[in-house]
Each structure stands twice: as C-alpha cells, then as structure tokens.
Amino acid sequence: MKGLWIGAILSLSFIAMALLSFVWTPYDIEVFDIPNKLKSPDLAHWLGTDQFGRDILSMIMMGARTSIAVALLAVGIGMAIGVPLGLWAAAKRGAFIDEFIMRGNDLIFAFPSLVIAILITAVFGAGAVNAIIAIGIFNIPVFARLTRGAALSLWERDFILAARVCGKSAYRISWEHILPNILNLMIVQGTIQFSLGILAEAALSYIGLGAQPPTASWGRMLADAQTLVSFAPHTALMPGGAIVVMVLGLNLLGDGLRDALDPRIRVDRT
C-alpha cells in the first residue's frame, strides 16, 4: 500500500501542475529572454532556463498538460473501443466474429506500437491530434484481449448461468454482469497504458511527430536540449526527470491498485 500512496502522490502532483498551468505559470513560455538563456537553477528560475531564456519550470508545467491530455485521450479511445470488442468476442466465443476480432488484434500486435504511431503521424501529419489517434489505436487490442480473457473466465460461473436461465441476452449479461466484475482489471490496465502513453507521446514529440511548437512538450524539450547537455545539462535533466517521475508514479499507482482491487490478494493477506 505504500507504493499505492507514493504513486498517487506523484501522479496527482503532476496532474495538479498541469491543471495549474491553465491559469498560472511562473513565466510566459512564448516570451524569449535571450540575455538570461541557459541559466542554471536559481531563485528566479527554480529549474533554470533553456536556450531561448524560457523558464524550464513553466515549460514542464505546460508540457505536463500536453502529455497528460494526449495519454488520457489515447487510453480513453482504447477503452471505449477495445472493451466492447472484447466483451463481444467473449459473448460469441468460438464463432466467426470472435476469431475475426482476435486475429485483427494479432495483426496490430505484430507491429511495434511506436512504429505504428510513427507511420500514422508520418502519413497524416505531425501534431497532438494524430499522436492521440496513433497511440489510441494500439491501445484498442490491449483492452480487447484483456477484456475477452477476463470475460471468458466468468461466462461459465453460476451467476451468469442464472442470468441466462432468466432469459437475458448475451448483450445484457455482458454489460450488467460481466463488465462490473472485470472493471477493476480495466482500471489497473488503464493506469499502466496511461504511463505508456506518456512515454509514447514523449517519443513522438522527440522525433518531431508529436505536439508542435509553440505547444510545450517534454519530448520536444529533450530534443531541443540534446546538443546542450555538455554545457547546460539541466536543460535535459529537468524534462527527462519529469518523464521518469511521472511514469514511475503511474506504475506504482497501477501496482498498488492491482493489489488493492484483486480479491485473491486480499484473501491471501487476511
């Protein structure tokens, strides 16, 4: 449970930082201050400044907003499409539609997620919207496969058989009985995919296919700082550290939620 609380504190801190950036940042990131470029952290600029004299703390706050928004929407796309597909495949287990859905998932899994994201953004253009779509597409088979596997283990349970005897359709059983019993798995997996979405957005922005200037992005900050590391290491360490801490917090949160929500672990503890 310590990991759960640590992960929650780290994750919520960045979310609070992103929300705060809507109304306030220490400095305006669109204003260049060349005389103060590449300053080391001090009382005026807690995390230093970049090559244009912009405050890195303000950039990280704005970048958190971009990364969290992209990852959250991408996970939402994956859950909104993948969970119904998984429930449908489990309800029609062994039928053609089940095989069609799962082989489609296998086809997407055959390609690395980052390669698919790069392909989509390269074809349709760089930008946050296309990054969301690209990351969301890879999330679909993740949630579809997890949902199908969890649902199949429930279809032969007594309470599901009772619902079938009562005349409920497979659609009603899936949404009224199956989904509530696997929702904890979806929450845990959603947290994990959220952290992967943060990394994917940073990777796409790093190679220039994610959020475009003047929108701040942690990956873009790392790309801009790669030639400055030798004499201004803080320009890379600060956004890189933000990515590490955010992903670490989400992974700890996901592990903690799994331990807290898994009834088998609760039984073992008692």
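Residues numbered from 1 in each chain as written. Predicted model: local features only at pLDDT ≥ 70, side-chain atom pairs only at ≥ 80, totals over all residues. Heavy atoms only, no water.

Undergrad: Explain the pattern of salt bridges to me, please; I cannot follow it from the model alone.
TA: Close approach of charged atoms lets side chains of opposite charge pair. If you walk through the whole model with that rule in mind, you get 11 salt bridges. Shared partners join several salt bridges into a network, and the residues in it are Glu99, Arg103, Asp106 and Arg145. (Salt bridge = Lys/Arg side-chain N within 4 Å of Asp/Glu carboxyl O.)

Undergrad: I tried to follow the packing of aromatic side chains on my own but got confused; where do I start?
TA: Given two aromatic rings, one states the distance between the centres and the angle between the planes to describe the pair. This structure, assessed with the given rule, holds 5 aromatic pairs. On the numbers, 5.7 Å between centres and 75° between planes, the contact of Phe14 with Trp218 is edge-to-face. With a gap of 204 residues between them, Phe14 in helix α1 (residues 2-20) and Trp218 in helix α8 (residues 218-225) connect regions that are remote in the sequence. Residue class for Phe14 comes out buried when judged on its relative accessible area of 9%. We classify Trp218 as buried; its relative accessible area is 0%. Taking NZ or CZ as reference, Arg65 lies 4.3 Å from the ring centre of Phe22, over its face. (Phe/Tyr/Trp six-rings, centres within 6.5 Å; stacked < 30°, edge-to-face > 60°. Helix = DSSP H or I, 4+ residues; strand = E, 2+ residues; numbered from the N terminus. Buried < 20%, exposed > 50% of the residue type's maximum accessible area, 1.4 Å probe, protein only. Lys NZ or Arg CZ within 6 Å of the ring centre and 35° of its normal.)

Undergrad: Quick question: what am I supposed to make of the side chain of Thr49 here?
TA: Mapped onto the secondary structure, Thr49 falls in the loop between α1 and α2 (56-91). Taking relative accessible area as the criterion, Thr49 reaches 0% and is therefore assigned buried. At 2.6 Å, the side chain of Thr49 forms a polar contact with the backbone oxygen of Asn36. (Polar contact = N/O pair within 3.5 Å; in protein donor to acceptor, adjacent residues only side chain to side chain.)

Undergrad: What's the story with the nonpolar core in this structure? I'm lost.
TA: A general trend in soluble globular proteins is that nonpolar side chains are found buried together. Trp155, Ile178, Ile198 and Trp218 are the most contacted members of the largest nonpolar core, which totals 38 residues. Of all the secondary-structure elements, those providing two or more residues to this core are α1, α2, α5 (128-152), α6 (158-165), α7 (170-206), α8 and α9 (234-261). Ranked by residue count, the leading element in this core is α2, at 12 residues. In terms of nonpolar packing, the next biggest core, distinct from the first, is built from 12 residues, Ala74, Ala117, Ile120 and Leu209 among them. (Core = buried A, V, L, I, M, F, W, Y, C linked by side-chain atoms within 4.5 Å.)

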